[in-house]
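# Inside the fold
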Amino acid sequence: MAYCNTQFAPKPTLEYVCWIDIMGTKSSMSCSLSGAANFICKLHETIIKNTDVVRIYPAMDGAYITSVDQGSILTVLTNIYYELTQDFIKEKNEYHKFISRAALSYGPVIHGDILPSEFNRYIYNDDTYKKSLLLGLPIVQAYEYEKKAPPFGIYIHESCRAFSQNEESVFSVRWWQWILNSKELKKRQQKVDY
């Protein structure tokens, strides 16, 4: 019989958790496997290229992104969304365009790679499997509230509007305006001759 001793669960850390995914994957996958694979791989490539300072937990048509630092996760999300929107605009083939959205939450999480053998020895002994696990309420909150985000938008869960790390400010908005924080956009605006 499977057994887990939660008495040995490590202490959770307070982190920001983002769930980002593609809108309409069920529909696109039922129409075209290659079309859905195209969208999914493009999203994951964009995530991989922009997430060197945070942790990623991929899950088919999306990913959980976690960080203890608000500034890091916001920079990562800004860069991801800037790249996704640029790809959407530049893509000539309408069938190759896809839309993404996300939600950000905050609270206690446990990363699978720190689970001790006393918690569950099978998980402990499978390093790849262990590293793919993420536990905590913010995961559910980010996943559930992503549907409230507009296309290419990021919904800010009430946990981020009520709590934050030590010196960080809580969010005062429901939808984070990532475009206003885009360094790439600011660089381009500075180059424009008025």
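Data block above holds the structure.
Note that this is a predicted model, so its numbers are computed, not measured.

## As for the environment of K26
- Along the chain, K26 turns up in helix α1 (residues 25–31).
- Here K26 falls in the exposed class, since its relative accessible area comes to 76%.
- For the pair formed by K26 and D61, sequence separation is 35 residues and the distance between their alpha carbons is 9.5 Å.

## Details of the nonpolar core
- In this structure, C18, I20, I65, I73, L104, I154 and F171 are the most contacted members of the largest nonpolar core, which totals 30 residues.
- Elements that contribute at least two residues to this core include exactly β1 (13–22), α2 (33–49), β3 (62–67), α3 (70–90), β4 (100–111) and β6 (154–156).
- In terms of residue count, α3 provides more of this core than any other element does, eight residues in total.
- The residues touching I65, leaving out its near neighbours within four places in the chain, are Y16, V17, C18, I20, I47, T51, V54, R55, I73, L77 and I80.
- Counting residues in each nonpolar core, the second largest holds eight residues, with V17, Y57, L134 and A142 among its members.

## Let's talk about the pattern of salt bridges
- Throughout the structure, instances matching the rule amount to nine salt bridges.
- A salt bridge links E45 to K49; the shortest N-O distance between them is 3.4 Å. Of this pair, E45 and K49 are both found in helix α2, four residues apart, which corresponds to roughly one turn of the helix.
- For E45, a relative accessible area of 44% corresponds to the partly exposed category.
- The partner of D113 in a salt bridge is R55, and the shortest N-O contact between them spans 2.7 Å. Placement of D113 in the loop between β4 and α4 (121–125) and of R55 in strand β2 (residues 55–59) is noted, with a sequence separation of 58 residues between them.
- Taking the relative accessible area as the measure of exposure, R55 reaches 32% and is therefore partly exposed.

## As for helix α6 (residues 137–145)
- Turning to α6, its buried residues are P138, I139, Q141 and A142. Relative to the axis of α6, the buried residues are bounded by an arc of 165 degrees and lie together on one face.
- At its buried positions, α6 is contacted by β1, β3, β4, β5 (134–135) and α7 (158–162).

## Things to note about the packing of aromatic side chains
- Here the structure, examined in full by the defined rule, presents eight aromatic pairs.
- Here the aromatic rings of W19 and Y143 are separated by 5.6 Å at their centres, their planes lie at 55 degrees, and the arrangement is tilted. Taken together, the positions of W19 in strand β1 and Y143 in helix α6 put the pair 124 residues apart, joining distant regions of the chain.
- Judged by its relative accessible area of 44%, Y143 falls in the partly exposed class.
- On the basis of an interplanar angle of 75 degrees and a centroid distance of 6.0 Å, the ring pair of Y155 and W175 is categorised as edge-to-face.

Definitions and cut-offs
- Residues numbered from 1 in each chain as written.
- Predicted model: local features only at pLDDT ≥ 70, side-chain atom pairs only at ≥ 80, totals over all residues.
- Heavy atoms only, no water.
- Helix = DSSP H or I, 4+ residues; strand = E, 2+ residues; numbered from the N terminus.
- Buried < 20%, exposed > 50% of the residue type's maximum accessible area, 1.4 Å probe, protein only.
- Core = buried A, V, L, I, M, F, W, Y, C linked by side-chain atoms within 4.5 Å.
- Contact = heavy atoms within 4.5 Å.
- Salt bridge = Lys/Arg side-chain N within 4 Å of Asp/Glu carboxyl O.
- Arc of directions from axis to C-beta.
- Phe/Tyr/Trp six-rings, centres within 6.5 Å; stacked < 30°, edge-to-face > 60°.

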